[in-house]
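Architecture at a glance
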Amino acid sequence: RAMVTLPTLRASRRETAGLPSRDRDRGRLPSLGRRPSHREAPPRCSTRACSSGGGADGGKGVGLATRIRELPLAPLAAFGATVGTALDLIHGRAGVLEYNTDAGGLVWTALRDAPQIGDQPVSFVVAQTSVWVPVLLAAFYAVDGGLYLLLCRRRDEAVTKPSEVLVRLGVLGMLLQTSAILYENYVPYAKIRAVLGALALLNFVSFEKSLKREGSRVGRTAAAAAIKSLGLSVFAGIAAPVIETLLIDRLHLWSYPRPDAFPLGSPPGFPSWVPFCYFFYHPFLFALAAWLQDLKDGRGDDDDNGGGGKRAPEAISAGS
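Keep in mind it's a predicted model, so treat the numbers as computed, not measured.

1. Let's talk about the overall build of the protein chain
Scanning the protein chain for helices and strands turns up eleven helices and four strands. Counting every position in the protein chain, which comprises 320 residues, the buried fraction comes to 42%. Nonlocal contacts in the protein chain, meaning residues at least 24 apart in sequence, comprise 71% of its contacts between residues at least 6 apart. If you sum the accessible surface of the protein chain, you get close to 18200 Å²; carbon and sulfur atoms cover 61% of it.

2. Focus: the packing of aromatic side chains
Applying the stated rule across the entire model yields twelve aromatic pairs. Measuring from centroid to centroid gives 6.1 Å for F140 and Y141, while their planes differ by 75°, and the two rings are edge-to-face. For Y141, a relative accessible area of 0% translates into the label buried. The rings of F140, Y141, Y278, Y281 and F284 are connected pair by pair, giving a single aromatic cluster.

3. Notes on the pattern of salt bridges
Evaluated as defined, the whole model comprises four salt bridges. With a shortest N-O distance of 3.0 Å, E157 and R153 are connected by a salt bridge. By the burial criterion, E157 is buried, and R153 matches it. D294 serves as the salt-bridge partner of R153, at 3.1 Å between the closest nitrogen and oxygen. Here the residue R153 occupies a position in the loop between α5 (133-152) and α6 (162-184), and D294 occupies one in helix α10 (residues 282-297), the gap between them amounting to 141 residues. With a relative accessible area of 3%, R153 lands in the buried category. A residue is classified by how much of its surface remains accessible, and D294, at 1% relative accessible area, is buried.

4. A few points about the side chain of T85
Tracing the chain through its elements places T85 in helix α4 (residues 73-94). Discounting residues that sit within four places of it in the chain, T85 has contacts with G80, T129, V133, P134 and L137.

5. Regarding α10
End to end, α10 covers 22 Å across 16 residues, agreeing with the expected 22 Å (1.5 Å per residue, within 8%). In terms of residue burial, α10 counts as a mostly covered element, since 14 of its 16 residues are buried. Backbone geometry just after α10 places G298 at a positive phi near 80°.

6. Notes on the nonpolar core
In terms of nonpolar packing, the biggest core is built from 53 residues, with Y141, Y148, Y256, W273, F280 and L288 touching the most fellow members. Elements that contribute at least two residues to this core include exactly α4, α5, α6, α7 (189-207), α8 (220-251), α9 (274-279) and α10. Here this core gets nine residues from one element, more than from any other, and that element is α10. Residues in contact with L288, not counting those within four places in the same chain, are L76, F79, Y141 and V165.

7. Describing the environment of G105
Checked against the element boundaries, G105 lands in strand β2 (residues 105-112). If sequence neighbours within four positions are ignored, G105 has contacts with Y99, N100, T129 and S130.

8. Some words on α4
Over its 22 residues, α4 runs 31 Å from end to end, which matches the ideal 32 Å to within 8%, given 1.5 Å per residue. Of the positions making up α4, those classed as buried are L76, G80, G84, T85, L87, D88, I90, H91, G92 and A94. Looking at the buried positions of α4, the neighbouring elements they touch are β1 (98-99), β3 (122-130), α5, α6, α9 and α10. Downstream of α4 by one or two residues, G95 has phi in the positive range, about 80°.

9. A few points about the confidence of the model for the protein chain
Overall, the prediction assigns the protein chain a mean pLDDT of 80, with 72% of residues at 70 or greater. Ignoring residues within four places in sequence, the model shows residues 19-34, a span with pLDDT below 50, making 18 contacts including any to other chains. Ignoring residues within four places in sequence, the model shows residues 36-54, a span with pLDDT below 50, making 31 contacts including any to other chains.

10. Observations regarding a nonpolar patch on the surface
Where nonpolar side chains cluster on the molecular surface, the patch consists of L106, W108, V126, V131, W132, V135 and L136 and spans about 620 Å² of accessible area. Taken together, the elements giving at least two residues each to the nonpolar patch come down to β2 and α5. Of note, W108 is situated in strand β2.

11. Details of the packing of α4 against α6
Two elements in contact, α4 and α6, have axes whose closest approach is 8 Å; the angle formed by their N-to-C orientations is 20°. One element, α4, and the other, α6, form an angle in the roughly parallel class. For the crossing formed where α4 meets α6, the hand is right-handed. Two secondary-structure elements touch here, α4 through V83, L87, I90, H91, R93 and A94 and α6 through L169, L172, G173, L176, Q177, S179, A180, Y183 and E184. In terms of residue class, the contact of α4 with α6 is made up of nine nonpolar, four polar and two charged.

Criteria and cut-off values
Sequence order as written defines residue numbering, which begins from 1 separately in each chain. Given that this is a predicted model, residues contribute local features only at a pLDDT of at least 70 and side-chain atom pairs are listed and counted only at 80 or more, while totals for whole chains, interfaces and linings are drawn from all residues. In computing side-chain values, all of the structure's heavy atoms are included and hydrogens and water are not. Runs of E in the DSSP output that reach at least two residues are strands. Runs of H or I that reach at least four are helices, and both are numbered from the N terminus. Burial status follows relative accessibility: with a 1.4 Å probe on protein chains alone, a residue under 20% of its type maximum counts as buried, one over 50% as exposed, and anything between as partly exposed. Any two residues whose heavy atoms approach within 4.5 Å are treated as being in contact. The protein chains shown are the only cover counted for residues, whose accessible areas, like all others here, come from Shrake-Rupley with a 1.4 Å probe. Any two of the Phe, Tyr and Trp rings considered here, Trp counted by its six-membered ring, make a pair once their centres fall within 6.5 Å; the pair's planes then place it as stacked at under 30 degrees, edge-to-face at over 60, or tilted in between. The rule for a salt bridge is simple: a side-chain nitrogen of Lys or Arg has to be within 4 Å of a carboxyl oxygen of Asp or Glu. In a helix, the anticipated span is given by 1.5 Å times the number of residues less one. Buried Ala, Val, Leu, Ile, Met, Phe, Trp, Tyr and Cys residues that are joined via side-chain atoms within 4.5 Å together make up what is termed a nonpolar core. Scored between 0 and 100, pLDDT is the confidence that the predictor attaches to each residue. Patch membership needs two things, relative accessible area over 30% and no salt bridge, and members are linked within 9 Å if like-charged or within 5 Å if nonpolar (Val, Leu, Ile, Met, Phe, Trp, Tyr). Throughout, an axis means a line fitted to C-alpha atoms (over the contacting stretch in the case of helices), and angles, computed between N-to-C directions, take values from 0 to 180 degrees. For classification purposes, angles smaller than 35 degrees are called roughly parallel, those larger than 145 roughly antiparallel, those between 65 and 115 roughly perpendicular, and all remaining angles oblique. Note on convention: near helix rotated counterclockwise from far helix by under a right angle means a left-handed crossing. Clockwise means right-handed. Polarity classes work like this: nonpolar for Ala, Val, Leu, Ile, Met, Phe, Trp, Tyr, Cys and Pro, charged for Asp, Glu, Lys and Arg, and polar for all others, with Gly in that last group.

Shown next as structure tokens:
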């Protein structure tokens, strides 16, 4: 009797201590209702997993400073200083704005034959920019892209592919070129506003990922994210030209030769259709920010699942 009882007492002690019994496989019944050990800690997610993909509905448990540190601000600024400066050449070549050569402006001109035989060759602008353009556009990309990631992007949004960024970049270049052609041909500003406004709205609806239907309708979370993205686009479209006007007034870095909107009540000003150019800039900038964030978080093309991509790390931690 003592030999039968001793192993049972040992098993009971092991179970009481919260350790798995080795004698269960020998036919003994496990103790019911065992309380979990107080030493068992709840699962935690890493700082990057908790902060990434915060966007419209995530990252609530992480401090704002931590979330900002996890943003790809440096790559965004680098793209702004390079790609942004290249895109700015489209309006510079068309003469939409003129850079002040006495304040860092760079202008390249060339000669072409005069309309009438015997006249002097005509000088025209090939390209123009400023040493300040890369700095200003780096700040614009970092701030605008960072705000999108903090406020608008859904944490369960699909992985953004490089092809999506390239397509949106190509469309943006064509839209900027369209505005330059309309300006060069002296199309009335009212017609330019109508054309660019329609193109800007079509561009947003076509590329806003939150508006892609999942089933029969767009969910509330997706609709809220789309509204936030739209609001940020509208805000930037209004705020950016106003900030430009303040820089023109204070620093005289560049000017708009044919303005018709004057935020300060008097010159300087800007063409009233310029806000639409900032508006249709955002599908590309949002996709770029999302792609850079995915790269930083270690999410890639191999994370796709039926065209949707797997959830951001935070969503995985919260749902597991």
